[in-house]
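So the chains spell out like this:
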Amino acid sequence: MKSFRYVTRLAQLVAVFCIAIPAIALGQEIPSPEAYFGFQMGADRKLARWDQLVDYYNLLGEQSPRLDVVEMGFSTLGNPFLVLFISAPENLEKLGQLRQLNA
């Protein structure tokens, strides 16, 4: 159980760095997950609601050139089903071409 928690926190930390470091380099004011949600991600007895996560991902998509947020439809509970594309801005610009190459 401890190893799963460790891997989960490590993955969250890597995701935050992948988004936050480029934003800092570009001088953007992207809020950290802790600042946005009001608690540390992975903290005991704390979970972000799905609608809050969707809002945060959309905010990141608006403020970061390295993230595209696409709504794929709705889940069985009626929540937005999102896919996040995280890459260099040059790659995101030619995402359609890259999809065709991978097909």
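Refer to the preceding data block for the structure.
To start, this report covers the structure provided alongside it. The residue numbering used here restarts from 1 in each chain and proceeds along that chain's sequence as written. Predicted model: local features are reported for residues with pLDDT of at least 70 only, side-chain atom pairs are reported and counted for 80 or more only, and whole-chain, interface and lining totals are derived from all residues. Side-chain descriptors were evaluated using all non-hydrogen atoms of the structure, hydrogens and water having been removed beforehand.

## A short note on the overall build of the chain
Part 1: Of the regular secondary structure elements, the chain holds 5 helices and 2 strands.
Part 2: By the criteria applied, helices consist of DSSP H or I runs no shorter than four residues and strands consist of E runs no shorter than two, each listed in order from the N terminus. Ordered by position from N to C terminus, the α and β elements of the chain give α-α-α-β-β-α-α.
Part 3: Burial here depends on accessible area, computed with a 1.4 Å probe over protein chains only, as a share of the maximum for the residue type. Under 20% is buried, over 50% is exposed, and the range in between is partly exposed. Counting all 103 residues of the chain, 17% fall into the buried class.
Part 4: Once local pairs closer than 6 in sequence are excluded, the contacts in the chain between residues at least 24 apart make up 35%.
Part 5: Of the roughly 7,800 Å² of accessible surface on the chain, a fraction of 58% belongs to carbon and sulfur atoms. Residues count as neighbours in contact if any of their non-hydrogen atoms are within 4.5 Å of one another. What sets the accessible areas is the Shrake-Rupley method with a 1.4 Å probe; for residues, cover comes only from the shown protein chains.

## A short note on helix α3 (residues 50–63)
Part 1: Each helix should span, by expectation, one fewer than its residue count multiplied by 1.5 Å. Its 14 residues place the ends of α3 20 Å apart at the C-alpha level, agreeing with the 20 Å of an ideal helix rising 1.5 Å per residue.
Part 2: For α3, every residue scored as buried is listed here: Leu53, Val54, Tyr56 and Leu60. All buried residues of α3 fall inside an arc of 165 degrees around its axis, so they share one side. This arc describes the spread of directions from the helix axis toward the C-beta atoms.

## Comments concerning the packing of aromatic side chains
Part 1: Aromatic pairing here means that ring centres of Phe, Tyr or Trp (its six-membered ring) are within 6.5 Å. Orientation follows from the plane angle: under 30 degrees is stacked, over 60 is edge-to-face, and everything else is tilted. This structure, assessed with the given rule, holds 4 aromatic pairs.
Part 2: One aromatic cluster is present, formed by Tyr36, Phe37, Phe39 and Tyr56 through successive ring pairs.

## A look at the nonpolar core
Part 1: Only buried residues count toward a nonpolar core. Its members are Ala, Val, Leu, Ile, Met, Phe, Trp, Tyr and Cys residues joined through side-chain atoms within 4.5 Å. If you look at the biggest cluster of nonpolar residues, it comprises 8 residues: Ile30, Phe37, Phe39, Met41, Leu53, Tyr56, Leu60 and Leu67.
Part 2: Ranked by the residues each element gives to this core, the list is headed by α3, at 3 residues.
Part 3: With residues up to four places along the chain from it excluded, the contact list for Phe37 reads Ala48, Gln52, Leu53 and Tyr56.

## Focus on the pairing of strand β1 (residues 67–74)
Part 1: In this description, strands pair whenever DSSP reports at least two bridges between them. Here 7 bridges tie β1 to strand β2 (residues 80–86), and the two strands are oriented antiparallel to one another. Counted as the bridge partner of Glu71 is Leu82 from β2.
Part 2: In sequence, β1 turns back onto β2 through a hairpin of 5 residues, with Gly78 there showing a positive phi of about 90 degrees.

## So, unusual backbone geometry
Part 1: For Arg45, which is not glycine, the phi dihedral falls at a positive 60 degrees.
Part 2: We classify Arg45 as exposed; its relative accessible area is 86%.

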